Amino acid sequence: MSNEIRDIFDRIAPVYDQLNDWLSLGQHRIWKEMTVKWSAVKPGDTCLDLCCGSGDLTFRLARYAGVTGKVYGVDFSCNLLTVAKERCHKYYPQASITWLEADVLNLPFDDNQFDAITMGYGLRNVKDIPLSLQEIYRVLKPGGKAAILDFHKPSNAILRTFQQWYLDNLVVPLATNLGVKEEYAYISPSLDRFPIGQEQVRIAQKIGFVNTIHYPISNDMMGVLVVNK
């Protein structure tokens with residue numbers, strides 16, 4: 001990820017959770033719960049949450065992995081990691097979570113280390129999507145599963161038009177009111193560059209993932225790529 005994108009996430013850290021709740025009418029919690037379930041995490045697993053942000057998916061992984069599990073939350077934004085650590089101390093003090101500032105294109109982990117991996121709203125922002133998926137493949141154990149949640153461009157023209165209206169007329173004005181207009185205006189152009197679900201599946205299959213599927217959610221405006229090693 002570029003320094004520019006990292007700076008964006010550092011700046012939005014104070015209002016990140018508030019904006020997510022408002023912009024999705026709380027629905028992002030459901031999407032994240034679905035993502036963690038699709039990762040097939042189970043008690044005792046060693047888990048990794050990439051682009052962990054303020055920790056929503058990380059905390060969910062920790063809940064499923066239980067006291068015998070081990071969870072790592074990785075992000076390149078030190079400000080968001082600070083928020084995640086504060087939330088963890090306040091709401092999830094019993095969770096066994098290790099927080100790391102690192103680059104998802106060069107993960108500081110050994111091969112075949114994780115049973116389950118999640119990533120929320122990160123794949124769209126990496127400089128090299130195939131390399132990011134390659135790193136996920138490398139650190140997953142054989143038989144392990146990853147679930148990757150992100151925005152998705154709908155195939156239906158009416159839904160695409162609604163999505164653009166939503167971004168232009170709700171997301172950007174709300175972000176503007178909170179003083180982070182530029183930080184949220186980038187979503188629309190990043191979505192234009194982001195491969196649609198079936199293209200994501202093809203990239204993952206070329207890397208070597210099996211049983212690869214992209215699940216459209218929220219009227220195809222979001223999606224979860226689920227891959228097995």
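Everything that follows concerns the structure shown earlier in this document.
Residues numbered from 1 in each chain as written. Predicted model: local features only at pLDDT ≥ 70, side-chain atom pairs only at ≥ 80, totals over all residues. Heavy atoms only, no water.

**Q** Can you help me understand the overall build of the protein in this one?
**A** Along its length, the protein carries ten helices and seven strands. Classification of the 229 residues of the protein by burial places 55% in the buried group. About 10,500 Å² of surface is accessible on the protein, with carbon and sulfur atoms providing 52% of the total. (Helix = DSSP H or I, 4+ residues; strand = E, 2+ residues; numbered from the N terminus. Buried < 20%, exposed > 50% of the residue type's maximum accessible area, 1.4 Å probe, protein only. Areas by Shrake-Rupley, 256 points an atom, 1.4 Å probe, with all protein chains shown as cover.)

**Q** What should I look at first to understand the nonpolar core in this one?
**A** In summary, soluble globular proteins display a tendency toward joint burial of nonpolar side chains. Of all hydrophobic cores here, the largest spans 29 residues; its most connected members are Leu48, Leu50, Ile117, Leu133 and Ile136. Looking at this core, the elements that each hand over two or more residues are β1 (46-50), β2 (70-75), β4 (114-120), α6 (129-139), β5 (140-151), α10 (197-207) and β7 (222-228). The element contributing the most residues to this core is α6, with four residues. Among residues more than four places away in sequence, those in contact with Ile117 are Ser39, Leu48, Leu50, Ile136, Val139, Leu140, Lys145, Ala146 and Ala147. Counting 16 residues, the second largest nonpolar core, distinct from the first, contains Leu57, Phe59, Leu61 and Leu81. (Core = buried A, V, L, I, M, F, W, Y, C linked by side-chain atoms within 4.5 Å. Contact = heavy atoms within 4.5 Å.)

**Q** I'm lost on α10 in this one. Help?
**A** Along an α-helix, residues three or four apart share an orientation, since each turn contains 3.6 residues. Regarding α10, the residues found buried are Gly197, Gln200, Val201, Ala204 and Ile207. For α10, the arc enclosing every buried residue in end-on projection is 120°, short of the 170-degree limit, so these residues lie on one face. Tucked into the core, α10 has its buried residues touching α6, β6 (210-217) and β7. Gly208 lies just past α10 and shows a positive phi near 125°. (Arc of directions from axis to C-beta.)

**Q** Looking at this structure, I do not really get the packing of α6 against α10. What am I missing?
**A** Helices that pack against each other are described as a pair by the angle of their axes relative to one another and the distance between those axes. Where α6 meets α10, the axes come as close as 10 Å, and the angle between the chain directions of the two elements is 50°. Considered as vectors, α6 and α10 are oriented oblique to each other. Once α6 is placed against α10, the crossing between them reads as right-handed. For the pair α6 and α10, contact is made by Ile129, Pro130, Leu133, Gln134 and Tyr137 and by Ile203, Ala204 and Ile207, respectively. Partitioning the contact of α6 with α10 into residue classes produces seven nonpolar, one polar and no charged. (Axes fitted to C-alpha atoms, helices over the stretch in contact; angles between N-to-C directions. Parallel < 35°, antiparallel > 145°, perpendicular 65-115°, else oblique. Left-handed = near helix turned anticlockwise from the far one by under 90°. Nonpolar A, V, L, I, M, F, W, Y, C, P; charged D, E, K, R; others polar.)

**Q** Explanation requested: the sheet that holds β2 in the structure shown.
**A** Through backbone hydrogen bonds, the strands of a sheet pair up, either in parallel or in antiparallel fashion. Strands sit in the order β3-β2-β1-β4-β5-β7-β6 across an open sheet of seven strands; the sheet is mixed. Each having just a single partner strand, β3 (97-101) and β6 make up the two edges of the open sheet. When strand polarity is set aside, the average angle formed by the axes of neighbouring strands in this sheet is 15°. Pairing analysis gives five bridges linking β1 to β2, with the strands arranged parallel. Its bridge partner lying in β2, Asp49 is registered against Gly73. Sheet contacts for helix α5 (residues 78-91): β2 and β3; angle to β3, the most-contacted strand, approximately 165°. Packed on one face of the sheet, α6 meets β1, β4, β5 and β7 and runs near 145° to β5. (Pairing = 2+ DSSP bridges.)

**Q** Help me understand the packing of aromatic side chains, please; the structure alone is not making it clear to me.
**A** For any pair of aromatic rings, the description consists of the separation of the ring centres together with the inter-plane angle of the planes. The final tally for this structure, using the stated rule, is nine aromatic pairs. What links up through ring pairs into an aromatic cluster is the set Tyr72, Phe109 and Phe114. Residue placement shows Lys229 over the ring face of Tyr137; its charged tip is 4.8 Å from the ring centre. (Phe/Tyr/Trp six-rings, centres within 6.5 Å; stacked < 30°, edge-to-face > 60°. Lys NZ or Arg CZ within 6 Å of the ring centre and 35° of its normal.)

**Q** Just to check I follow, could you spell out the pattern of salt bridges for this structure?
**A** One side chain can pair with another of opposite charge once the charged atoms of both are near each other. Summed over the entire model, instances satisfying the criterion amount to ten salt bridges. Arg138 serves as the salt-bridge partner of Asp111, at 2.8 Å between the closest nitrogen and oxygen. With Asp111 in the loop between β3 and β4 and Arg138 in helix α6, this pair connects stretches of sequence that are 27 residues apart. Asp111 sits in the partly exposed class, given a relative accessible area of 47%. (Salt bridge = Lys/Arg side-chain N within 4 Å of Asp/Glu carboxyl O.)

**Q** For this particular structure, what's the right way to read the pairing of β3?
**A** Strand residues, when the strand is regular, have side chains that alternate between the two faces of the sheet. Across five bridges, the pairing between β2 and β3 is parallel. Considered in β3, the bridge of Gly73 is made with Trp99. Tracing the backbone out of β2, into α5 and back to the parallel element β3 gives a crossover that is right-handed. (Right-handed = clockwise from strand over helix to strand, strands pointing away.)

**Q** Before we go on, may I ask you to explain the side chain of Asn228 in this structure?
**A** Relative to the helices and strands, Asn228 resides in strand β7. When its relative accessible area of 14% is taken as the criterion, Asn228 is described as buried. Aside from chain neighbours lying at most four places away, what touches Asn228 is Gly143, Gly144, Lys145, Phe209, Val210 and Asn211.

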